[in-house]
Amino acid sequence: MRSVTEVLCCEWFDTPVGDLVAVASATHLLVLGFEGDGSPDERLERQRRHLGLDVMPGGNAITAATGRQLKAYFAGELLDFTVPLAPSGSEFERKVWAELLSVPLGETCSYGDIARNVGGMETVRAVGKANGANPIVIIPCHRCIGSDGTLTGYGGGLWRKKWLLRHEGQMRPVGLFAL
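Basis of the calculations
- Residues numbered from 1 in each chain as written.
- Predicted model: local features only at pLDDT ≥ 70, side-chain atom pairs only at ≥ 80, totals over all residues.
- Heavy atoms only, no water.
- Pairing = 2+ DSSP bridges.
- Helix = DSSP H or I, 4+ residues; strand = E, 2+ residues; numbered from the N terminus.
- Axes fitted to C-alpha atoms, helices over the stretch in contact; angles between N-to-C directions.
- Domains from an automatic or database assignment.
- Contact = heavy atoms within 4.5 Å.
- Buried area = accessible area lost by both parts, 1.4 Å probe.
- Salt bridge = Lys/Arg side-chain N within 4 Å of Asp/Glu carboxyl O.
- Polar contact = N/O pair within 3.5 Å; in protein donor to acceptor, adjacent residues only side chain to side chain.
- Buried < 20%, exposed > 50% of the residue type's maximum accessible area, 1.4 Å probe, protein only.

Asker: Is there a simple way to think about the sheet that holds strand β4 (residues 54–57) in this case?
Answerer: Backbone hydrogen bonds hold the strands of a sheet together, and the pairing may be parallel or antiparallel. Strand order in the open sheet formed by four strands is β3-β2-β1-β4, and the pairing between neighbours is mixed. The sheet terminates laterally at β3 (29–34) and β4, the two strands that pair on one side only. Strand-to-strand twist in this sheet, taken as the mean axis angle between neighbours without regard to direction, amounts to 25°. When strand β1 (residues 7–15) meets strand β2 (residues 18–24), the two strands line up antiparallel, connected through six bridges. Residue C9 lies in a different strand from β2, and its bridge partner there is A24.

Pasting the structure below:
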């Protein structure tokens, strides 16, 4: 549990898939998500309400590292993020997110694949819900697709999911397309 006196830092990044907001403590990234419209003050207030903690504009060492890694990822030069993560969620959600982190760049899995590993096929819908609750986009929920290979649900919009999967496919071709 986070201390109510802890001050978090918030920084925004312009990326090829839209603005991302990063919120971090002194030691971990807590939020990295697609940002909506509004003035800087309105955006900051949204983060304060969402987290229930004081969030200050401006970065820290964690948001700076996040920015550097995002820049390298979008340039096609970074395959694995190393920023320390601390997503807030239920035990089940954290299990799902841990499974997603094991899906290699350039590959996909199905919601059923994740469900089998975290609690059985009866949890497929809960896996989808956990994906939707993912607060940190570098936890690669975009790599989770329908069992029939279709792109399904993505909080950032299916166009972003498609863009990210194509970008990663160019960075690390697999299967018949590998060199």
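Asker: Even after reading the chapter, I still don't get the domain arrangement of the protein chain, so can you show me in this structure?
Answerer: The assigned domain composition of the protein chain is domain 1 (8–75) and domain 2 (91–171). Between the C-alpha centres of domain 1 and domain 2 there is a distance of 22 Å. Counting residues at the interface gives 13 residues for domain 1, matched by 15 residues for domain 2. Area buried by domain 1 at its contact with domain 2 is led by V17, F34 and Y73, which between them contribute 52% of it. The tally of links between domain 1 and domain 2 comes to zero salt bridges. The interface formed by domain 1 and domain 2 includes five residue pairs in polar contact (both at pLDDT 80 or more). Elements with a contribution of two residues or more to the side of domain 1 that touches domain 2: β2, β3 and α2 (61–74). It is β3 that provides the largest number of residues to the side of domain 1 that touches domain 2, a total of six residues.

Asker: Would you explain the environment of T123 in this entry?
Answerer: Relative to the helices and strands, T123 resides in the loop between α4 (111–118) and α5 (124–132). For the pair T123 and L85, spaced 38 residues apart in sequence, the C-alpha to C-alpha distance is 24 Å. Contacts of T123, omitting those with residues within four sequence positions, involve F92, A115 and V118. For T123, the side chain forms a polar contact with the main-chain oxygen of G120, separated by 2.6 Å.

Asker: Mind showing me how you'd approach the pattern of salt bridges here?
Answerer: Where charged atoms from two side chains of opposite charge approach closely, those side chains can pair. Under the criterion given, the structure shown has seven salt bridges. A salt bridge links E168 to R143; its shortest N-O distance comes to 2.8 Å. In this pair, E168 sits in helix α6 (residues 158–171) while R143 sits in the loop between α5 and β6 (144–145), placing the two residues 25 residues apart along the sequence. The pair E168 / R143 is uniform in exposure class, with both members buried. Each of E45, R48 and D54 takes part in a single network of salt bridges with overlapping partners.

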